[in-house]
Amino acid sequence: MAKVKLGFAPTRRNIFSAPDARRYRELTAARLRELEIDFVDITDINEEGLLYRDEDMHRIAEKFKREKVDGIFFPHCNFGTEYECARLAKELNVPVLLWGPLDERPDENGVRLRDTQCGLFATGKVLRRFRIPFTYMTNCRLEDPVFERGIRDFLAVCNVVKVFRGIRILQISTRPFDFWSTMCNEGELLEKFNIQLAPIPMPELTEEVRKVREEREEMRQVADYCRSHMKVEIKDGELMQVAALKVALERLIRRYGCQAAAIQCWNQLQGELGIMPCAANALLNDEGIPVVCETDIHGAVTALLTEAAAMGETRSFFADWTVRHPDIENGELLQHCGPWPLSVAAEPVRLTYPLAFENPGSLSAEARHGDISLVRFDGDNGEYSLLLGHAKGVDGPWTKGTYLWIQVENIKRLEAKLVEGPYIHHCVGIHRDVVPVLYEACKYMGIRPDLYDPEEERIQAYLRGE
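Report on the accompanying structure. (Residues numbered from 1 in each chain as written. Predicted model: local features only at pLDDT ≥ 70, side-chain atom pairs only at ≥ 80, totals over all residues. Heavy atoms only, no water.)

### Topic: the pairing of strand E9 (residues 260-263)
Looking along a regular strand, one sees side chains alternate from face to face of the sheet. Where burial is concerned, the two faces of E9 agree: the one with Ala260 and Ala262 and the one with Ala261 and Ile263 are both buried. Judged from the 4 bridges that link them, strand E6 (residues 168-172) and E9 form a sheet pairing that is parallel. In the strand pairing of E9, Leu170 is matched with Ala261. Pairing geometry for E9 and strand E10 (residues 291-292), over 2 bridges, is parallel. Opposite Ala262, over in E10, you have Val292 as the bridge partner. (Buried < 20%, exposed > 50% of the residue type's maximum accessible area, 1.4 Å probe, protein only. Helix = DSSP H or I, 4+ residues; strand = E, 2+ residues; numbered from the N terminus. Pairing = 2+ DSSP bridges.)

Here it is as structure tokens:
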């Protein structure tokens, strides 16, 4: 599971009850500990452990930077000091979460101790003046289920943003000539988002495969794993080539400091190694290292964001939108030659031959059904967006490769999105509802969320805690 560290900066304002603010500071910290949230406290900054003075804000900023927090949580323990929250958030440039506890009724003298909600309104306005995006968790009690849900969703948002801001992708060879749709603008990705590519030629990969075959031990371990977890339908020498390719890919990804890879899976590779890379890709995908097909850089970005939204707990799969379902309205086939992780399969996995090529090295299995999210990061003409939506697995005809028949709310509406762009025939699926988290993360990444179903109000209601 991904690790995310929060900067805990509870805040108060002088004209409201300081003792009650300190009480809620302690209650909130205790609740975070109960939920096993990793957070950096500020009790060493001042005697109250609260943010409300400028001199403390600078020391808090230094501490949070030193601790490398991934997000800041601003519990408004009374009204709060909105400008100190904004100044601290500006210093850190990480996702921001606003929240405050529900106030109790006024006391017998008509006195209100906190006016928390009013303070949240003020902080939201000042953050906008500072042009700081922020997430708001609805005014609620610490014990309410919406509090835990909101905190955990925010951690996932922080994880997406952290991953996005540190992406480096191993690009293995050029895109296939025929795939103009997978071209990308390397310079623009770097300038806009700090997405870095590490391009290498195909001979560097094949030379690494040769070294792995000479060393043999790691290759044999991978081959043994394949024999115990798959039905191997290819020759032993071909299996060894698949295993060697898996080890070589992993070494190169580590060597260049990458988190994912995009490979020209056809057709030079087949001439060099005599196999498809799909099974090797699948093995790495199952280990949380996405490797996508046809040198689709945007696809690799999509896979990283999707798995980050799931906190690394669930594997994603890289798919083609292919054909309509022959029997089910709004049905569609997600399929690829055979690179999907074994962990998403609904049946025993076969290591065999793909649909459109003669070379061995692809997996064949239907993915398990259930609710899934479908995601695609893409862009052209200088504008980028994240296509987001839901689907469910359904029964359908057998086909080769790794596949899943799905049903969406309106396939014609989705088809129009894909044709009109900026998207292509590739997407990433995952057996987890990551749509709200990715929708919220877009505000921090500078990307437009693009929902293929008209459910924006439902998602916003979920994020509000309804």
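### Describing the packing of aromatic side chains
Applying the stated criterion across every chain yields a total of 14 aromatic pairs. Note on Phe73 and Trp99: the rings are 6.1 Å apart at their centroids and 40 degrees apart in plane angle, and the pair reads as tilted. Taken together, the residues span a long stretch of sequence, with Phe73 in strand E3 (residues 71-75) and Trp99 in strand E4 (residues 96-99) at a distance of 26 residues. We classify Trp99 as buried; its relative accessible area is 0%. Put simply, the rings of Phe8, Phe39, Phe73, Trp99 and Phe147 pair up and form one aromatic cluster. For Arg12, the ring lying beneath its charged end belongs to Tyr52, and the centroid distance is 3.9 Å. Over the ring of Tyr462 we find Arg149; its NZ or CZ atom is 3.9 Å from the centre of that ring. (Phe/Tyr/Trp six-rings, centres within 6.5 Å; stacked < 30°, edge-to-face > 60°. Lys NZ or Arg CZ within 6 Å of the ring centre and 35° of its normal.)

### Focus on the side chain of Asp115
Here Asp115 is to be found in the loop between E4 and helix H4 (116-129). For Asp115, a relative accessible area of 15% puts it in the buried group. Residues in contact with Asp115, not counting those within four places in the same chain, are Phe16, Phe79 and Asp103. (Contact = heavy atoms within 4.5 Å.)

### So, the pairing of strand E15 (residues 371-380)
In terms of burial, E15 is largely enclosed, as 8 of its 10 residues are buried. By the bridge criterion, 10 bridges tie E15 to strand E16 (residues 383-393) in an arrangement that is antiparallel. Directly across from Asp380, in E16, lies its bridge partner Glu383. Counted between consecutive antiparallel strands, the loop separating E15 from E16 contains 2 residues, among which Asn381 sits at a positive phi close to 55 degrees. Pairing of E15 with strand E18 (residues 426-430), which is carried by 3 bridges, proceeds in the antiparallel orientation. From the neighbouring strand, Leu374 faces E18, where its bridge partner is Gly429.

### So, unusual backbone geometry
With the exception of glycine, the majority of residues adopt a negative phi angle, and the majority of peptide bonds are in the trans configuration. Cis rather than trans, the peptide bond between Trp266 and Asn267 has omega equal to 10 degrees. By the secondary structure assignment, Asn267 is in the loop between E9 and helix H10 (268-273). Omega for the peptide link from Gly421 to Pro422 comes to 15 degrees, which places this bond in the cis form. For Pro422, the location among the structural elements is in the loop between helix H13 (411-420) and E18. Positive phi is not limited to glycine here, since Lys68 has a value of about 55 degrees. Position of Lys68 among the secondary structure elements: in the loop between helix H2 (54-67) and E3. The backbone phi angle of Glu294 is positive, close to 55 degrees, even though this residue is not glycine. Of note, Glu294 is situated in the loop between E10 and helix H12 (297-309).

### A word on the nonpolar core
Core analysis: the largest hydrophobic core is formed by 141 residues, its most contacted members being Phe64, Phe73, Phe74, Leu88, Phe147 and Leu205. Grouped together as the second largest cluster of nonpolar side chains are 20 residues, Phe317, Trp340, Ile372 and Tyr452 included. (Core = buried A, V, L, I, M, F, W, Y, C linked by side-chain atoms within 4.5 Å.)

### Some thoughts on the packing of helix H14 (residues 435-445) against helix H15 (residues 456-464)
Packing of H14 against H15 leaves a shortest axis separation of 10 Å and a crossing angle of 90 degrees. Overall, the two elements H14 and H15 adopt an arrangement that is roughly perpendicular. Seen from H14, the contacting residues are Val435, Pro436, Tyr439 and Glu440; seen from H15, they are Glu456, Ile459, Gln460, Tyr462 and Leu463. (Axes fitted to C-alpha atoms, helices over the stretch in contact; angles between N-to-C directions. Parallel < 35°, antiparallel > 145°, perpendicular 65-115°, else oblique.)

### Points about the pattern of salt bridges
This structure, assessed with the given rule, holds 43 salt bridges. The salt bridge involving Glu214 is made with Arg210; its shortest N-O contact spans 2.4 Å. Taken together, the residues span about one helical turn, with Glu214 and Arg210 both in helix H7 (residues 202-215) at a distance of 4 residues. Taking the relative accessible area as the measure of exposure, Arg210 reaches 36% and is therefore partly exposed. A single salt-bridge network, built from bridges that share partners, covers Glu208, Glu215, Glu218, Arg251 and Arg255. (Salt bridge = Lys/Arg side-chain N within 4 Å of Asp/Glu carboxyl O.)

### Concerning helix H9 (residues 236-255)
Counted at 1.5 Å a residue, the expected span for H9 with its 20 residues is 28 Å, and the 29 Å between its end C-alpha atoms agrees. Counting buried positions along H9 yields 15 of 20 residues, so the element is predominantly enclosed. (Expected span 1.5 Å × (residues − 1).)

### A few points about a nonpolar patch on the surface
Judged by side-chain polarity, Phe177, Trp180 and Met183 come together as a nonpolar surface patch covering roughly 400 Å² of accessible area. Mapped onto the secondary structure, Met183 falls in the loop between E6 and helix H6 (186-193). (Patch = residues over 30% accessible without salt bridge, like charges linked within 9 Å, V, L, I, M, F, W, Y side chains within 5 Å. Areas by Shrake-Rupley, 256 points an atom, 1.4 Å probe, with all protein chains shown as cover.)

### Structural notes on the environment of Glu91
As for its placement among the helices and strands, Glu91 is situated in helix H3 (residues 82-92). Residue classification places Glu91 among the partly exposed positions, given a relative accessible area of 36%. Measuring from C-alpha to C-alpha, the distance between Glu91 and Pro101 comes to 26 Å, with 10 residues separating the pair along the chain. Other than its neighbours up to four places away in sequence, Glu91 contacts Met57, Ala61 and Lys65. Side-chain polar atoms of Glu91 contact the side chain of Lys65, separated by 3.0 Å. (Polar contact = N/O pair within 3.5 Å; in protein donor to acceptor, adjacent residues only side chain to side chain.)

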